[in-house]
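Topology and contacts: notes
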Amino acid sequence: MSSPSKRREMDLMKLMMSDHKVEMVNDGMQEFFVDFHGPNASLYQGGVWRVRVELPDAYPYKSPSIGFVNKIYHPNVDEMSGSVCLDVINQTWSPMFDLVNVFEVFLPQLLLYPNPSDPLNGEAAALMMRDRPAYEQKVKEYCQKYAKHDDEAASSEEKSSEEELSADEYDSSDEQVVGKPDP
C-alpha cells in the first residue's frame, strides 16, 4: 500500500461493495455511518443499528473510532455515548484488519459473546451475571424500542430504488436510445 489515504479509500470501497449501507458525513472519507444488522442467532437478530465511524489520519495504522448512534443494551457498549469496548479495536488493532472485519467479524462477535467482566455499561454487565433471563428481556426491549428492524430498513431502501426507477422510466424510452446516432 502506497499511503494511508489510498488504503482508506480501498477499505471504504470494500465496505460499500459488501452488504452494508454506508452514508458519508461530508466529502471527506474520514467520517461516515454504517447500518449494522444484528447477527443471526443472537438477541440482536432483526435489529439494525446506525454506527458512526471515524477514521484517524493514521488509519490503518491507528484503529477507527466506532460508536452506536441508536441505543443498544450491551455490557461492552456505553449506553449514553455508544462507545464500544472491544480489545481488537481499542488495543490490539493491526493494519492487517480492515473496515469489513469490523462489521462482519468484530461487532458481530461482540454482540454474540458479551464480556461482562470488562464493562462500559455496568448495569447491563451486572444484570447479565445476576439474572440472565431479565438481561435478555431488556436487550429485546431495547432492540424493539431503539433499533430499526430489518423489514423497515429493506422497505425504505426498496422505496427509494423504486422511486429512482420510476423517475428513470419517464426520462428514457427505447425509441430515444435507438433513434439517436453517435455524435
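Since we're looking at a predicted model, the values are computed, not measured. (Residues numbered from 1 in each chain as written. Predicted model: local features only at pLDDT ≥ 70, side-chain atom pairs only at ≥ 80, totals over all residues. Heavy atoms only, no water.)

**Section: the nonpolar core**
Note the following rule: We define a nonpolar core as any set of buried Ala, Val, Leu, Ile, Met, Phe, Trp, Tyr and Cys residues linked to one another through side-chain atoms lying within 4.5 Å. The buried label goes to any residue with under 20% of its type's maximum accessible area, the exposed label to any with over 50%, and the partly exposed label to all in between, with areas taken from a 1.4 Å probe on protein chains only. The way it works is that DSSP assigns letters per residue, a run of H or I at least four long becomes a helix, a run of E at least two long becomes a strand, and they are numbered from the N terminus. In this description, contact between two residues means that some pair of their heavy atoms is separated by no more than 4.5 Å.
Grouped together as the largest cluster of nonpolar side chains are 39 residues, with contacts concentrated most on Phe32, Val53, Phe68, Phe103 and Leu107. Listed by contribution, the elements that provide at least two residues to this core are helix 1 (4–17), strand 2 (31–37), strand 3 (47–54), strand 4 (65–68), helix 2 (87–90), helix 3 (99–112), helix 4 (122–130) and helix 5 (132–146). If near-sequence neighbours (up to four positions away) are discounted, Phe68 is found in contact with Phe36, Trp49, Arg50, Val51, Val77, Ser81, Gly82, Val84 and Leu107.

**Points about the UniProt feature "active site" (unreviewed entry) in the protein chain**
Formally: UniProt positions are given in the numbering used here, feature names are shortened, and annotations may be inferred rather than shown by experiment.
In the numbering adopted here, UniProt assigns the feature "active site" (unreviewed entry) to Cys85. By the secondary structure assignment, Cys85 is in the loop between strand 4 and helix 2. The residues contacting Cys85, other than those within four sequence positions of it, are Asn76, Asn90, Leu110, Asp118 and Leu120.

**Notes on helix 3**
Definition in use: Multiplying 1.5 Å by the helix residue count minus one yields the expected span of that helix. Two axes are fitted around each residue, one to the seven residues ending there and one to the seven starting there, and the angle between them is reported as the bend at that residue. Counting of polar contacts relies on pairs of N or O atoms within 3.5 Å, with two restrictions inside protein: one atom must be capable of donating a hydrogen and the other of accepting it, and residues adjacent in sequence are counted only when both atoms are side-chain atoms.
Between the first and last C-alpha of helix 3 there are 19 Å, a value that for 14 residues agrees with the 20 Å anticipated at 1.5 Å per step. At Phe106, helix 3 shows its largest kink, close to 30°, and the proline Pro108 lies no more than four residues downstream. Among the residues of helix 3, Leu99, Val100, Val102, Phe103, Phe106, Leu107, Pro108, Leu110 and Leu111 are the ones counted as buried. By the N-cap criterion, in which a side-chain oxygen at the helix start approaches the backbone nitrogen of a residue two or three places on, helix 3 is capped by Asp98, the distance to Val100 being 3.1 Å.

**A few points about the environment of Asn121**
Structurally, Asn121 is set in the loop between helix 3 and helix 4. Leave out the neighbours within four places in its chain, and Asn121 touches Tyr73, His74, Pro75, Val77 and Glu79. Among the polar contacts made by the side chain of Asn121, one reaches the main-chain amide nitrogen of Glu123 at a distance of 3.2 Å.

**Some words on the packing of aromatic side chains**
The condition that has to hold: Each pair of aromatic rings taken from Phe, Tyr and Trp, with Trp reduced to its six-membered ring, is defined by centres within 6.5 Å and is described as stacked if the planes are under 30 degrees apart, edge-to-face if over 60, and tilted in the remaining cases.
As enumerated under the stated definition, the model contains 9 aromatic pairs in all. With a centroid separation of 6.0 Å and 40° between ring planes, the pair formed by Tyr73 and Tyr135 is classed as tilted. Of this pair, Tyr73 sits in the loop between strand 4 and helix 2 while Tyr135 sits in helix 5, and the two are 62 residues apart along the sequence. The same class applies to Tyr73 and to Tyr135, which are both buried. Their ring planes at 45° and their centres at 5.0 Å tell us that Tyr73 and Tyr142 sit as a pair that is tilted. Of this pair, Tyr73 sits in the loop between strand 4 and helix 2 while Tyr142 is found in helix 5, placing the two residues 69 residues apart along the sequence. In this pair, the class of Tyr73 matches that of Tyr142, namely buried.

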